[in-house]
Amino acid sequence: MIRFSLLPAGFRLLVLFAVMAVSNPGWAEEKPEVDERLQKLLKRFPDADKNKDGKLTREEALEYRRQRQKAQANVAEPTYANVKYGKHERNVLDFYQAESDTPTPLVIYIHGGGFVGGSKKMNPGLIQNFHNAGMSVAAIHYRFIDGEDILLPEPQRDGARAVQFLRSKAKDWNIDKKRVACFGGSAGAGISMWIGFHDDLADPDSSDPVERQSTRIQAIGTMGGQSTYDPIKIKALVGGRAWEHPSIFKAYGVTTAEEALHPTPERQKRYDESSAITHLTKDDPALYMIYSEADGPLPDNARPGQGIHHPNFGRDLVKKMNELGIENVFVYTGDNKSGASPQAMLEFFQKQFTKVK
């Protein structure tokens, strides 16, 4: 599972520095350098200077860290926890309501874990940053695949159902139904894209008021997302043995490479339905994607599943989305030249929300 923090980079540095300052006694011999770093941090975080004497001490840095962590912990408790949005026991979500007199945009976090694990538990700092931007947050669980009764795209359909349920709570939970984004890593990224690219699943004639809600969203954010879950296409796109990832086999109830690479028409239909890029059309929402896995061809001795977060998935999306004229941002961090910016993803969501009328 990819963990994603929206803590400002400078504050992360302050936290790291404060920990090192008390855990490494050798620093006592480097006092001038330490003091210089402390004063640089003070310029970034003037509130850390508790006695306002213009100098930041190690003790003040530690205290500032403790206070920030305490503040973050205060928002970690959901406004509504483990709310049922569907029939299955894992069809539950947490909702973190932002304080606002007017309806707030909603950002939905969908965890990763290869469709067989993971949790909706979120980093408190992540929630706080969205709240600071005036966005409410939801985090969902969904059904895990079992290779028999629950296959792809059932987790994706759970994600879409969660979007509908949250929209049905718009009045009670002060949500702006017109401004909804989904984001996540790995499997959560795949589900987020599937929701964003799939045709609207709303059924206006349904007796279930939740099913009458739209599944369409306004923005998508991904980390290490797979554009397709078709093993044949993964093999062509990434190479190596990425297509042999255990979850890919389990997702379709296959046990051999022969079955996976030579699907029946019914299974090929499931491959297509489960893959986000299959549903991509020119009216779909904008996408912000981050990739950090090693680039280039996979080694001859690659293990099964290696490369399942390969940046080629993102490049394929960029090509198709550019052809359709859909806004997208591709960030690759593996070369250490372009860092992933959590704040940039948040701002990307804000930008998309401002376009909604």
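All of these numbers come straight from a predicted model, not from anything done at the bench. (Residues numbered from 1 in each chain as written. Predicted model: local features only at pLDDT ≥ 70, side-chain atom pairs only at ≥ 80, totals over all residues. Heavy atoms only, no water.)

J.: So, the overall build of the protein chain: which residues are in play, and what are the values?
T.: Within the protein chain, the secondary structure is distributed over 13 helices and eight strands. The proportion of buried residues among the 357 residues of the protein chain is 51%. Sequence separation of at least 24 residues holds for 71% of the intrachain contacts in the protein chain that already meet a minimum separation of 6. Of the roughly 16,900 Å² of accessible surface on the protein chain, a fraction of 50% belongs to carbon and sulfur atoms. (Helix = DSSP H or I, 4+ residues; strand = E, 2+ residues; numbered from the N terminus. Buried < 20%, exposed > 50% of the residue type's maximum accessible area, 1.4 Å probe, protein only. Contact = heavy atoms within 4.5 Å. Areas by Shrake-Rupley, 256 points an atom, 1.4 Å probe, with all protein chains shown as cover.)

J.: How would you sum up the sheet that holds strand β4 (residues 136-140)? Please name residues and give values.
T.: Paired through their backbone hydrogen bonds, the strands of a sheet run either parallel or antiparallel. Reading across from one edge, β1-β2-β4-β3-β5-β6-β7-β8 is the order of the eight strands in this open sheet, with mixed pairing throughout. Single-partner strands in this sheet number two, and they are β1 (80-84) and β8 (328-332). Between one strand and the next, the sheet's axes are offset by a mean angle of 20°, whatever the strand orientation. Alignment of strand β2 (residues 92-96) against β4, held across four bridges, turns out to be antiparallel. Bridging from a neighbouring strand, Asp94 pairs with Ala139 of β4. The strands that helix α7 (residues 187-197) touches are β3 (104-110), β5 (175-185), β6 (219-223) and β7 (286-291); relative to β5, the one it contacts most, it runs at about 145°. With respect to the sheet, helix α13 (residues 342-354) is in contact with β3, β5, β6, β7 and β8, its orientation differing from that of β6 by roughly 165°. (Pairing = 2+ DSSP bridges. Axes fitted to C-alpha atoms, helices over the stretch in contact; angles between N-to-C directions.)

J.: Outline the nonpolar core, listing residues and values.
T.: Judged by nonpolar contacts, the single largest core of 59 residues is most densely connected at Leu93, Ile108, Ile195 and Phe197. Considering every element that reaches this core, the biggest residue donor is α7, with six residues. Discounting chain neighbours no more than four positions away, the residues touching Ile108 are Ala138, Ile140, Val163, Leu166, Val180, Ala181, Cys182 and Phe183. Ranked by size, the runner-up nonpolar core spans 23 residues in total, among them Ile127, Val137, Ala286 and Phe348. (Core = buried A, V, L, I, M, F, W, Y, C linked by side-chain atoms within 4.5 Å.)

J.: Could you give me a rundown of the confidence of the model for the protein chain, with the residues and numbers involved?
T.: Of the residues in the protein chain, 87% reach a pLDDT of 70 or more, and the chain-wide mean stands at 89. Between residues 1-30, whose pLDDT stays under 50, and residues either more than four places distant or in other chains, the model counts 61 contacts. (pLDDT = per-residue confidence, 0-100.)

J.: Pulling in residues and values, what's your account of the packing of helix α8 (residues 231-238) against helix α12 (residues 311-324)?
T.: Across the interface, α8 lies against α12 with an axial gap of 9 Å and an inter-helix angle of 100°. Taken together, the axis directions place α8 and α12 in an arrangement best described as roughly perpendicular. Within the contact between the two elements, α8 uses Ile234, Leu237 and Val238 and α12 uses Asn312, Phe313 and Asp316. (Parallel < 35°, antiparallel > 145°, perpendicular 65-115°, else oblique.)

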